[in-house]
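The primary structure of each chain is shown beneath.
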Amino acid sequence: MNSSNTPYKRVIITSRKEELPGVVTFTLAFADGRPIPYRSGNFITFIFTMKGVEDRRSYSISSTSELNEPISFTVKRIDNGCYSRILYDQTKVGDVFFIAGVTGRFTLPVNTKKFQQYFFFAAGIGIGPVFPLIKSLLAKDENAFVTLIYSNRWQGSTIFYDELVRLAATYGNRFQVEFLYSSSKNLERARISKALLPVLMREYVRVPKSSILAYVCGPYNYMRMTILSLEEYGIDESNIRKENFRPFERPVIKTEPKDQKTYTVHLKLHDREVSFLCHYPDSILEAARKNGVLIPFSCESGRCASCAGRCVNGKVWMAFNEVLLDSDLEEGIVLTCSGHPIEGDVTIEI
Ligand SMILES: Cc1cc2nc3c(=O)[nH]c(=O)nc-3n(C[C@H](O)[C@H](O)[C@H](O)COP(=O)(O)OP(=O)(O)OC[C@H]3O[C@@H](n4cnc5c(N)ncnc54)[C@H](O)[C@@H]3O)c2cc1C
Ligand code: FES
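In this text the structure is predicted, and so the values were computed from the model without any measurement. (Residues numbered from 1 in each chain as written. Chains lettered and ligands numbered in written order. Predicted model: local features only at pLDDT ≥ 70, side-chain atom pairs only at ≥ 80, totals over all residues. Heavy atoms only, no water.)

Enquirer: Can you walk me through the sheet that holds strand S11 (residues 240-243) in this structure?
Expert: The strands that make up a sheet pair up through hydrogen bonds in the backbone, lying either parallel or antiparallel. One open sheet holds the five strands; their spatial order is S9-S8-S7-S10-S11, and the pairing between them is parallel. Whereas interior strands pair on both sides, the edge strands pair on one side only; in this sheet they are strand S9 (175-181) and S11. Ignoring which end each strand starts from, the neighbouring axes of this sheet average 15 degrees apart. Pairing of strand S7 (residues 117-123) with strand S10 (residues 212-217) involves six bridges; the strand directions are parallel. When the bridges of S10 are listed, Phe120 appears paired with Tyr215. Relative to S9, helix H3 (residues 161-171) is tilted by about 145 degrees, and along the sheet it contacts strand S8 (145-152) and S9. On the sheet, helix H4 (residues 196-204) packs against S7, S8 and S9 and is oriented at approximately 155 degrees with respect to S9. (Pairing = 2+ DSSP bridges. Helix = DSSP H or I, 4+ residues; strand = E, 2+ residues; numbered from the N terminus. Axes fitted to C-alpha atoms, helices over the stretch in contact; angles between N-to-C directions. Contact = heavy atoms within 4.5 Å.)

Enquirer: Can you help me understand the domain arrangement of the chain in this one?
Expert: Frequently, the measure chosen for interface size is the accessible area that the parts lose on association. Taken domain by domain, the chain holds domain 1 (3-102), domain 2 (112-243) and domain 3 (263-349). Between domain 2 and domain 3, the C-alpha centre-to-centre distance is 33 Å. (Domains from an automatic or database assignment.)

Enquirer: Hey, could you run me through the sheet that holds strand S1 (residues 9-20) in this one?
Expert: Taken in spatial order, the six strands line up as S4-S3-S6-S1-S2-S5 in an open sheet, and their pairing is antiparallel. Every interior strand has two partners, whereas the edge strands, strand S4 (53-60) and strand S5 (72-76), have only one. Here the strands of the sheet are splayed against their neighbours by 40 degrees on average, with no regard to which way each runs. Where strand S3 (residues 43-50) meets S4, eight bridges bridge the pair, whose relative direction is antiparallel. From the neighbouring strand, Phe43 faces S4, where its bridge partner is Ser60. On top of the sheet, helix H1 (residues 83-90) reaches S1, strand S2 (23-30), S3, S4, S5 and strand S6 (96-103); it is set at about 70 degrees to S4, its chief contact.

Enquirer: Is there a simple way to think about the packing of aromatic side chains in this case?
Expert: In this description, an aromatic ring pair is defined by two values, namely the gap between the centres and the angle between the planes. Under the criterion given, the structure shown has 16 aromatic pairs. Taking 5.4 Å as the distance between ring centres and 35 degrees as the angle between the ring planes, the aromatic pair formed by Phe26 and Phe73 counts as tilted. Of the two residues, Phe26 sits in strand S2 while Phe73 sits in strand S5, which places them 47 residues apart along the sequence. With relative accessibility at 0%, the residue Phe26 sits in the buried group. Centroid distance Tyr150 to Phe179: 6.1 Å. Interplanar angle 45 degrees. Geometry classified as tilted. (Phe/Tyr/Trp six-rings, centres within 6.5 Å; stacked < 30°, edge-to-face > 60°. Buried < 20%, exposed > 50% of the residue type's maximum accessible area, 1.4 Å probe, protein only.)

Enquirer: Hey, could you run me through the side chain of Glu19 in this one?
Expert: Residue placement: Glu19 occurs in strand S1. We classify Glu19 as buried; its relative accessible area is 18%. Here Thr25 takes part through its side chain, which lies 2.6 Å from a polar atom of the side chain of Glu19. Excluding residues within four positions of it along the chain, Glu19 makes contact with Val24, Thr25, Thr74, Phe160 and Glu163. (Polar contact = N/O pair within 3.5 Å; in protein donor to acceptor, adjacent residues only side chain to side chain.)

Enquirer: How should I be thinking about the site of ligand 1 in this particular structure?
Expert: Neighbouring ligand 1 are 20 residues; Arg57, Ser58, Tyr59, Ser84 and Arg246 lie closest to it. A distance of 2.7 Å separates an oxygen atom of ligand 1 from a polar atom in the side chain of Arg57. Separating an oxygen atom of ligand 1 from a side-chain N or O atom of Tyr59 is a distance of 2.7 Å. Considering ligand 1 on its own, with 920 Å² of exposed area, one finds that the protein chains cover 79% of that surface. If you list the elements that add at least two residues to the shell around ligand 1, you get S4, S5 and H1. With four residues, the single largest contributor to the shell around ligand 1 is S4. (Near = heavy atom within 4 Å. Areas by Shrake-Rupley, 256 points an atom, 1.4 Å probe, with all protein chains shown as cover.)

Enquirer: Honestly, the pairing of S7 in this entry has me stumped. Any pointers?
Expert: The side chains of a regular strand alternate between both faces of the sheet. Counting buried residues in S7 gives seven out of seven residues, a clear majority hidden from the surface. With burial as the criterion, each face of S7 is covered, one bearing Gln117, Phe119, Phe121 and Ala123 and the other bearing Tyr118, Phe120 and Ala122. Strand direction decides the pairing type here: S7 and S8, joined by seven bridges, are parallel. Within S8, the residue paired with Phe121 across the bridge is Ile149. For the segment spanning S7, helix H2 (residues 127-140) and S8, crossover handedness is right-handed. (Right-handed = clockwise from strand over helix to strand, strands pointing away.)

Enquirer: I keep staring at the packing of H4 against helix H5 (residues 220-233) and nothing clicks. Help me out?
Expert: At a minimum axis distance of 9 Å, the contact between H4 and H5 shows a crossing angle of 60 degrees. As judged from the angle between their axes, H4 and H5 are oblique. Here the hand of the crossing between H4 and H5 comes out right-handed. Each of Leu197, Pro198 and Met201 in H4 lies in contact with H5, whose residues at this interface are Thr226, Ser229, Leu230 and Tyr233. Residues belonging to the contact of H4 with H5 are distributed by class as follows: five nonpolar, two polar and no charged. (Parallel < 35°, antiparallel > 145°, perpendicular 65-115°, else oblique. Left-handed = near helix turned anticlockwise from the far one by under 90°. Nonpolar A, V, L, I, M, F, W, Y, C, P; charged D, E, K, R; others polar.)

Enquirer: Would you explain the pattern of salt bridges in this entry?
Expert: Once their charged atoms are close, side chains differing in charge can pair, the charge on each being opposite to the other. Scanning the model with the defined rule gives 20 salt bridges in all. Residue Glu54 is joined to Arg56 by a salt bridge in which the shortest nitrogen-to-oxygen separation is 3.9 Å. By relative accessible area, Glu54 is classed as partly exposed at 42%. According to the relative accessible area criterion, Arg56 is buried, its value standing at 12%. Between Glu178 and Arg189 there is a salt bridge whose closest N-O contact spans 3.2 Å. Of the two residues, Glu178 is situated in strand S9 and Arg189 in the loop between S9 and H4; the sequence distance between them amounts to eleven residues. The class for Arg189 is partly exposed, based on a relative accessible area of 24%. (Salt bridge = Lys/Arg side-chain N within 4 Å of Asp/Glu carboxyl O.)

Here is the structure:
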């Protein structure tokens, strides 16, 4: 891709660290010298071009913004995976990539004091966005209790194992980590299950259930089991944050808006304002693209929030949404990949 004709940002790999066989952490620099600000828990969407076809893959930022660490991401090589293999097998210092942006809602509350205890459930590479969230909380909020329940096959396949053990030693009482190994002989303490989760919660919970915020990231079945078990234990759905690395896995069931008329969408981008017509069934994202306007996106299935904006005027109806919380909706946050203007023109800030 030629940087002069792309709306994307050019980044350069500045270091490569082998975490484990098949897992690598890269740090990045922005070619124009103007880094995109990020929050711990955000992800970067990379644009790859193969045989003239553009593809996107997202990678969680594994560095901690609040500690001013250079921006990094950690990739697990998937055996038959197209781009994770390119990243792991071939990518070296000095290589150049294009990114669509930095985004995501798997972040800490602005006021972390709203919750007294933070639970993190991660499996395998799911530790990627969780690690910086933990470091950020420990460094910034001396009152927060932090508990990590971290699932892997065995200790040797546990990403950031040494760093986590060091953090636990440094923060003692405030940070507890429970490593679960699926290869363990003790089957009752090997995998997260409906039976094990309440046992762990009873061991680690120190505050009323309503003061707990839980984060979950890992394979789909792991996340499903963990979220259901947390809800069964008594953690409210609104106090559970999830990051889904494979949003394409399940098909999206779309519904239709009652109002399918054409309306004007006014977009307020950081550097300019544009307006265009949105004809149903095009989503706001699709209509923007047809009009040459680039809104960041990744999954296009209502599950990652990289396409989110704030509707400041008018009404947006969403065909699917598995990522925005009720509190986001109350603030006017909408997904442009599944959003359609209804009942009149709309203005959206991206
Ligand atoms: C918000 C977000 C954050 C992400 N963060 C990270 C991260 O920090 N680190 C990271 O390594 N990945 C992360 N991912 C996943 C990443 O975007 C890619 O999906 C992954 O690297 C596989 O891409 P690929 O091109 O190699 O595989 P593809 O060519 O897309 O897939 C090839 C095959 O592998 C299977 N496959 C795809 N992904 C996985 C997987 N995760 N586990 C097992 N099988 C899989 C597919 O079903 C398919 O059969 C994230 C995804 C999202 C949406
Ligand atoms: S692009 Fe993922 S929710 Fe819209």
